[in-house]
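# An overview of the molecular structure
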Amino acid sequence: MTETPIPSRATGSWHTAAPSSTIPPGETDEWLLAYRDGGYGEIQGWLSPGAMDLVRALAAAQGAMQMTDGGAMEIGIFHGRFFIALNGVVRDATTPSIAIDLFADQALNIDGSGQGDESTFRANLARYDRHGGRNVTILQADSTALTPSDILRQVPIRPRLISIDGGHTAEHVVSDLTLSAAVVAPAGLILVDDILSAGWLGVFEGVVTYLMRRPTLWPVAVGYNKLVMCPMSVHEAYRSLIMRSGIVSFPKTTRLCGYDVLVAAH
Ligand SMILES: C[S@@+](CC[C@H](N)C(=O)[O-])C[C@H]1O[C@@H](n2cnc3c(N)ncnc32)[C@H](O)[C@@H]1O
């Protein structure tokens, strides 16, 4: 972080002052830290450990908002490395979460974005998940064929943390964002993986295409190859609370399609 204020530019601005107070860590953060330093490294997958810190920061922000209802949802599970992190934010094993992947139906995996393996995922849930997978519904499905009621039938409480990491074409991303926006909790968060991967530009194209429709889901933060989005009515609240997490620092705000987006320091 620089001491000298840099004038705000059309493309964003640097933050010149540290947040005045940070959010104290709780039991959930202890579990996430233990998973980051343990099981996370033993499960095959592509995530950087920094993505775990981003989840910790988002969990702290939701905790500060007293947002404890709602489970996790992920589209694109592979072996569950990130899903298990998201389900670790869920404190109560009676809160339902949902894991969606093509799994054995790989003929529908048209862009080859990893091959989900249900039996490996189940074994990882049993071994590493905070709740041993007891609150998890596993849905083998092509996400582009799902409707919001397909999801809400399985998880009657709307998820408060959703990760999109299934098919990586622009069409998959637009479809998965539309589906996720229809089921996410009123102040929930949606993370889009591979937002800045040169090998998966469909993800960036899909996000921009979606944002050009002026949706009510706005991007709020970016870091560790994930774009975080939230409902517009809580955008400013999340911006402030994510900055105060004290776990990841966000020295800059950038602009994407006209929205202010916090940039994590790597
Ligand atoms: C990059 S991997 C997911 C990685 C995972 N999030 C992790 O933490 O390691 C992509 C996954 O998306 C699944 N997938 C691809 N297309 C899909 C689709 N249309 N619907 C649901 N899942 C899909 C693949 O089977 C694969 O397991």
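What you see is a predicted model, and the numbers here were worked out from it, not measured in a lab. (Residues numbered from 1 in each chain as written. Predicted model: local features only at pLDDT ≥ 70, side-chain atom pairs only at ≥ 80, totals over all residues.)

## What about the overall build of the protein chain?
Quick note on the threshold: The secondary structure listing takes helices from DSSP runs of H or I that are at least 4 residues long and strands from runs of E that are at least 2 residues long, numbered from the N terminus. Within these notes, the globule rule equals 2.2 Å times the number of residues to the 0.38 power, and the radius of gyration is based on C-alpha atoms. The exposure label follows from counting other C-beta atoms within 10 Å of a residue's C-beta, where the C-beta atoms are placed from the backbone and the thresholds are 20 or more for buried and 12 or fewer for exposed, leaving partly exposed in between. Any two residues are considered in contact once their C-beta atoms, placed from the backbone, lie within 7 Å.
A count of helices and strands for the protein chain gives nine helices and 10 strands. The globule rule puts the C-alpha radius of gyration for 266 residues at 18 Å, and the 17 Å found for the protein chain is close to it. Principal axes of the C-alpha set define a box for the protein chain whose edges measure 55 × 40 × 30 Å. Split into buried and exposed, the 266 residues of the protein chain put 45% on the buried side. Sequence-distant contacts, at least 24 apart, represent 74% of the contacts inside the protein chain between residues at least 6 apart.

## Digging into the pairing of strand β3 (residues 97-101)
Just so we agree on the cut-off: A pair of strands counts as paired when DSSP detects no fewer than two bridges linking them.
Counting buried positions along β3 gives five out of five residues, so the element sits mostly inside the fold. Every second residue of β3 is oriented toward a common face, with S97, A99 and D101 on one face and I98 and I100 on the other, all of them buried. Note: strand β2 (residues 72-75) against β3, three bridges, orientation parallel. Within the sheet, the bridge partner assigned to I75 lies in β3 and is I100.

## A look at the packing of helix α1 (residues 27-37) against helix α3 (residues 49-64)
This is how the line gets drawn: Think of each axis as a best-fit line through the C-alpha atoms, taken over the contacting stretch in the case of a helix, with angles from 0 to 180 degrees between the N-to-C directions. To sort the angles, those under 35 degrees are grouped as roughly parallel, those over 145 as roughly antiparallel, those from 65 to 115 as roughly perpendicular, and the leftovers as oblique. Basically, the charged four are Asp, Glu, Lys and Arg, the nonpolar ten are Ala, Val, Leu, Ile, Met, Phe, Trp, Tyr, Cys and Pro, and anything else, Gly included, counts as polar.
Running from N to C, α1 and α3 point in directions that differ by 175°, and their axes come no closer than 10 Å. When the axes of α1 and α3 are compared, the pair comes out roughly antiparallel. Between α1 and α3, the residues in contact are T28, D29, L32 and R36 and P49, M52, V55, R56, A59, A60 and G63, respectively. In terms of residue class, the contact of α1 with α3 is built from six nonpolar, two polar and three charged.

## Quick word on the sheet that holds strand β5 (residues 161-164)
The mixed open sheet is built from 10 strands, whose spatial order is β1-β9-β10-β7-β8-β6-β5-β2-β3-β4. Every other strand in the sheet has two partners, leaving β1 (12-14) and β4 (136-140) as the edge strands with one partner each. Averaged over neighbouring strand pairs, the angle between their axes works out to 20° when direction is ignored. Most of the contacts of helix α7 (residues 170-183) go to β5, to which it runs at about 170°, and overall it touches β2, β5, β6 (189-193) and β7 (217-223). Its contacts with the sheet place helix α9 (residues 235-243) against β7, β8 (226-231) and β10 (259-263), and it is angled at close to 15° to β7.

## Some thoughts on the environment of L125
With respect to the element layout, L125 can be found in helix α5 (residues 118-128). For L125, a count of 23 C-beta atoms within 10 Å gives the class buried. Apart from residues lying up to four places away in sequence, L125 is in contact with G80, I84, G132, G133 and V136.

## Observations concerning the site of the ligand
In plain terms, the rule: Only the C-beta atom matters for nearness: placed from the backbone, it must lie within 6 Å of the molecule or strand for the residue to count as near.
Around the ligand, a shell composed of 26 residues is seen, among which G45, G76, F82, G114 and G116 lie nearest. Breaking the shell around the ligand down by element, the ones donating at least two residues are α4 (81-87) and β3. Grouping the constituent residues of the shell around the ligand by class yields nine nonpolar, 13 polar and four charged.

## Concerning the nonpolar core
Quick note on the threshold: Joined through C-beta atoms within 7 Å, a set of buried Ala, Val, Leu, Ile, Met, Phe, Trp, Tyr and Cys residues constitutes a nonpolar core.
Counting residues in hydrophobic clusters, the biggest one holds 72 residues, and the most contacted among them are V55, V192, V220 and I242. The biggest single contributor to this core is α3, with nine residues. In this structure, V220 is in contact with V228, M229, C230, H235, Y238, R239, I242, V261 and L262, ignoring residues within four places of it in sequence.

## Some points on α5
The test is simple: This arc is built from the directions going out from the helix axis to the C-beta atoms.
Within the sequence span of α5, burial applies to F121, N124, L125 and Y128. Seen from one end, α5 has its buried residues packed into an arc of 105°, which puts them on one side. Counted as exposed and oriented over 90 degrees from the buried face of α5: S119 and A126. Here the buried face of α5 lies against α1, α2 (39-42), α4 and β4.

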